[in-house]
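Descriptive analysis of the structure
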Amino acid sequence: MRYRHFLKLFSAGTIALSAVAGPALANPVVVFDLGSGKILQHQDAFKRWYPASLSKLMTAYVTFRAIAAGEVQLDSPIKVTKHSAAEPPSKMGFKPGSVMRLDNALKMMLVKSANDIAMAVGENVGGSQAAFADRMNAEATRLGMNGTHFVNPNGLYSPDQYTTARDLAVLVMAIRREFPQYAPWFSIEGLAVGKKAIPNYNLLIGRYPGADGMKTGFVCPSGFNMIGSATRNGRTLVAVVLGEKSAVTRAETAAKLLDQGFDTPAAGSATVTTLAPYGDTVSPNDMKDEVCKKKTPQEQSEAPPVAAKDVPKSPYQEKLDHVPTLVAVGLGGATGPAPKAILDRGGQEYADVPIPSWRPDRPAPAGAGPKIAGSAAQGDQPAKVAN
């Protein structure tokens, strides 16, 4: 009798676990209902992971908060510094000294995933990369993203820049709930920069029914990351997918998880904010060899690979079945006030010029050398391949 009773309890527990965890997956995922915060599926939700360009969601959030606080406006100038212009691809490639509106900069950062623009936004809104990273970490702490740490605004690889699937879900909820006015930016199908069209790296946009966001990311150590959201019949679901093997498989996985979520009624009590930590929360996962070793540069990119002629295409490799709606962006038009962080007390903008060294014919006084705050976290470590 006791044995049969044990089997009943074991079976019940297995069914309950399956309902929460879903099918076996090879990497961290979280699927949740944006309205209620209830989690529909999760696996390795607290596993430490390199966020890659998903970091740009926190860059956007910090900037949205700065706009709300009156530190900067949508038409404020964002100046490309020498440091930001030197960031590796994916990038817009504007020359140092180029100026654009903040809203255009954010759209380029979110759609093109431009590393140079993300750095420029961080330096202008925060005053410096290090200062902006401090703000990113302060917001992460305030939101309860306890497994997250940032050192740069664009997600270029650093061993000290990491997050978790659960923490990213917390960030998504904050962005979508606190700043609904910016939601359309996450579903832009493409950008028009002069005569050049730039498609969104999020392959769900325009292809998956109801898709309305949010961001992709890739560096070799992280694999292909994605946060995909979709709304159907007034219900918005979000899938956080980390560590996929390609731009196509991450879209396919996210779509499958969203499909399963829409077929599943919200059940259970675990939410994004109440889910208790579990598993290994401190060991980072490095997919560099698995994802990038012996791969061509094209395969080490967020751009979807071209399917072989004799192999059926994924739905997420197909061209859109309609003419994509492009949003025009570019330089100029920044008529608003300069970000407060780049103005000194007298209201003068700091020049983007080298700090002069002490005169060689006289001994330098103590402390005369230039100080670089947080130099170990300045993002000038080798970026390897990142888009």
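Okay, so let's go over this structure. (Residues numbered from 1 in each chain as written. Predicted model: local features only at pLDDT ≥ 70, side-chain atom pairs only at ≥ 80, totals over all residues. Heavy atoms only, no water.)

**A few points about the pairing of strand S6 (residues 196–199)**
The side chains of a regular strand alternate between the sheet's two faces. Note the cut-off: Any two strands with at least two DSSP-identified bridges between them are counted as paired. Only DSSP runs of H or I covering at least 4 residues are called helices, and only runs of E covering at least 2 are called strands; the numbering of each starts at the N terminus.
Here strand S5 (residues 190–193) runs beside S6; their pairing, made up of 4 bridges, is antiparallel. When the sheet's bridge partners are listed, Leu 191 is paired in S6 with Ile 198.

**A word on the sheet that holds strand S1 (residues 29–33)**
Heads up, the rule is: Lines fitted to C-alpha atoms define the axes, with helix axes restricted to the stretch in contact, and inter-axis angles between N-to-C directions lie between 0 and 180 degrees.
Spatially, 5 strands are ordered S2-S1-S9-S8-S7 in an open sheet, and the strand pairing comes out antiparallel. Strands with a single pairing partner mark the edges of an open sheet, and in this sheet they are strand S2 (39–43) and strand S7 (211–219). Here the average twist between neighbouring strands, direction ignored, is 5°. Sheet topology note: the S1/S2 ladder contains 4 bridges and is antiparallel. Residue pairing in the sheet places Phe 32 in a bridge with Ile 39 of S2.

**Some details on the side chain of Glu 123**
The line we're drawing: Per-residue accessibility, obtained with a 1.4 Å probe over protein chains only, is compared with the maximum for each type, and a residue is labelled buried under 20%, exposed over 50%, and partly exposed between these values. The charged-residue count follows a simple rule in which Lys and Arg add positive charge and Asp and Glu add negative charge, with His and chain termini not counted at all. Take a side-chain nitrogen of Lys or Arg and a carboxyl oxygen of Asp or Glu: if they are within 4 Å of each other, that pair is a salt bridge. Should any heavy atoms of two residues lie within 4.5 Å, those residues are counted as being in contact.
Position of Glu 123 among the secondary structure elements: in helix H5 (residues 115–126). Comment: no salt bridge for buried Glu 123; closest opposite-charge side chain is Lys 79, at 10 Å. Residues in contact with Glu 123, not counting those within four places in the same chain, are Thr 81, His 83, Ser 84, Ser 128, Gln 129 and Ile 342.

**Comments concerning the packing of aromatic side chains**
The criterion, for reference: Working definition: a ring pair exists when centres of Phe, Tyr or Trp rings (six-membered ring for Trp) sit within 6.5 Å. Plane angles under 30 degrees give stacked, over 60 give edge-to-face, the rest tilted.
Under the criterion given, the structure shown has 9 aromatic pairs. Here the aromatic rings of Tyr 182 and Trp 185 are separated by 5.0 Å at their centres, their planes lie at 50°, and the arrangement is tilted. With respect to burial, Tyr 182 and Trp 185 carry one shared label: buried. Ring pairs connect the aromatic residues Tyr 61, Phe 64, Phe 179, Tyr 182 and Trp 185, which therefore count as one cluster.

By themselves, these observations are geometric and do not establish any function.
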